[in-house]
Amino acid sequence: MKLDKVIATRSDKTIYRDGDVIIKVFEKDKKKSDVLNEALNQARVEESGVQIPRILDVTCLEDGRWAISMDYIPGKTLAELIAENPDRQEEYLEKFVDLQLEMHTHKVPLLNKLKDKMSRKISETKLSATVRYELNVRLESMPKHTKLCHGDFNPSNVIIRDDGKAFIIDWAHATQGNASADAARTYLMFSLNNGKEIADKYLSIFCAKSDTAKQYVTKWLPIVAASQSVKGKTEEQEFLAKWIDVVEYE
């Protein structure tokens, strides 16, 4: 295992390439249970038939850091392709939604339940008891589904291989649950990182292709925003707080 070619860095990990292998090395303060859970999630999704990189190894390095090794997928992310070809944005968004909807057709019964995760996250927020109660009431009223949900489905997590095949990466937040919650999460990420215009385009395409009412997806927005706020990213808090206060989508 060679750790001399860095291809990406994040706040809690560094990603290396060694030939046909990607090694995701986590910082020392990353919980062992979180690393093992991410690897287990990915292995379970891999077994479901979704096109994703194969897990090859989970290792504790000599310095105490944990690492996950997986297939290297040559290609570009959809985020890169959209940035390079703005005139093809809608085409790429269509492909993006098609991949998400195909993913939602899969069942991975051993994954954590999305509703349980959301409920736990709401309880961990610093929101008032009244707001937490209202969010939990709304969460409990939403239909219970068992579809495969990515939890962080955005164009940076889709790699288009050189032969055109698409691979979905980063399964740390995978759960089984309601597909519209997954779409609400994607909508929030588009709004936060790319702006409302592209977020609205995404939502329109998702709802048209899945025959889902926009009102149904957006009912999830306060719940998903509250769950996301637990991560404590300062730059996101004001944006997420606005959505937590929204009763109906405008």
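See the structure shown above.
Quick caveat: nothing in here was measured; it's all calculated off a predicted structure. Note that residues are indexed from 1 along each chain, following the sequence as it is written. Where local features are concerned, this predicted model is filtered to residues with pLDDT of at least 70; where side-chain atom pairs are given and counted, the filter is 80 or more; whole-chain, interface and lining totals use all residues. Derived side-chain values reflect all non-hydrogen atoms in the structure, with water molecules and hydrogen atoms excluded from consideration.

Q: Even after reading the chapter, I still don't get the packing of helix H6 (residues 179-193) against helix H7 (residues 196-210), so can you show me in this structure?
A: Helix-helix packing is described using two parameters, namely the angle between the two axes and the distance between the axes. With axes taken as lines fitted to C-alpha atoms, and helix axes fitted only over the stretch in contact, angles between N-to-C directions fall between 0 and 180 degrees. Strands are runs of DSSP state E lasting at least 2 residues, helices are runs of H or I lasting at least 4, and numbering of each runs from the N terminus. Running from N to C, H6 and H7 point in directions that differ by 160°, and their axes come no closer than 7 Å. The angle between H6 and H7 places the two elements in the roughly antiparallel class. Two packed elements cross with a definite hand, and for H6 against H7 that hand is right-handed. Contact with H6, carried on its side by Ala-179, Ala-183, Thr-186, Tyr-187, Phe-190 and Ser-191, involves Lys-196, Ile-198, Ala-199, Asp-200, Tyr-202, Leu-203 and Phe-206 of H7 and no other residues of that element. Three classes are used, and their members are as follows: Ala, Val, Leu, Ile, Met, Phe, Trp, Tyr, Cys and Pro are nonpolar, Asp, Glu, Lys and Arg are charged, and the others, Gly among them, are polar. Within the contact of H6 with H7, the residues separate by chemical class into 9 nonpolar, 2 polar and 2 charged. For this classification, under 35 degrees means roughly parallel, over 145 means roughly antiparallel, 65 to 115 means roughly perpendicular, and everything else is oblique. The sense of a crossing depends on the near helix, which, turned anticlockwise from the far helix by less than a right angle, makes the crossing left-handed and, turned clockwise, makes it right-handed. The contact rule is simple, with two residues in contact once any of their heavy atoms fall within 4.5 Å.

Q: Any chance you could explain the pattern of salt bridges here in plain terms?
A: Opposite charge on two side chains allows them to pair when their charged atoms are near. Throughout this description, the term salt bridge denotes a Lys or Arg side-chain nitrogen within 4 Å of a carboxyl oxygen of Asp or Glu. Tallying each qualifying case throughout the model produces 13 salt bridges. Across the pair Glu-91 and Arg-88 runs a salt bridge, and its minimum N-O distance is 2.7 Å. Any residue under 20% of the maximum accessible area for its type is buried, any over 50% is exposed, and the rest in between are partly exposed; the area is computed with a 1.4 Å probe on protein chains only. Owing to a relative accessible area of 42%, Glu-91 belongs among the partly exposed residues under this scheme. When its relative accessible area of 33% is taken as the criterion, Arg-88 is described as partly exposed. A salt bridge links Lys-144 to Glu-140; the shortest N-O distance between them is 3.9 Å. Several salt bridges share partner residues, and in doing so they unite Asp-12, Lys-13 and Lys-30 into one network.

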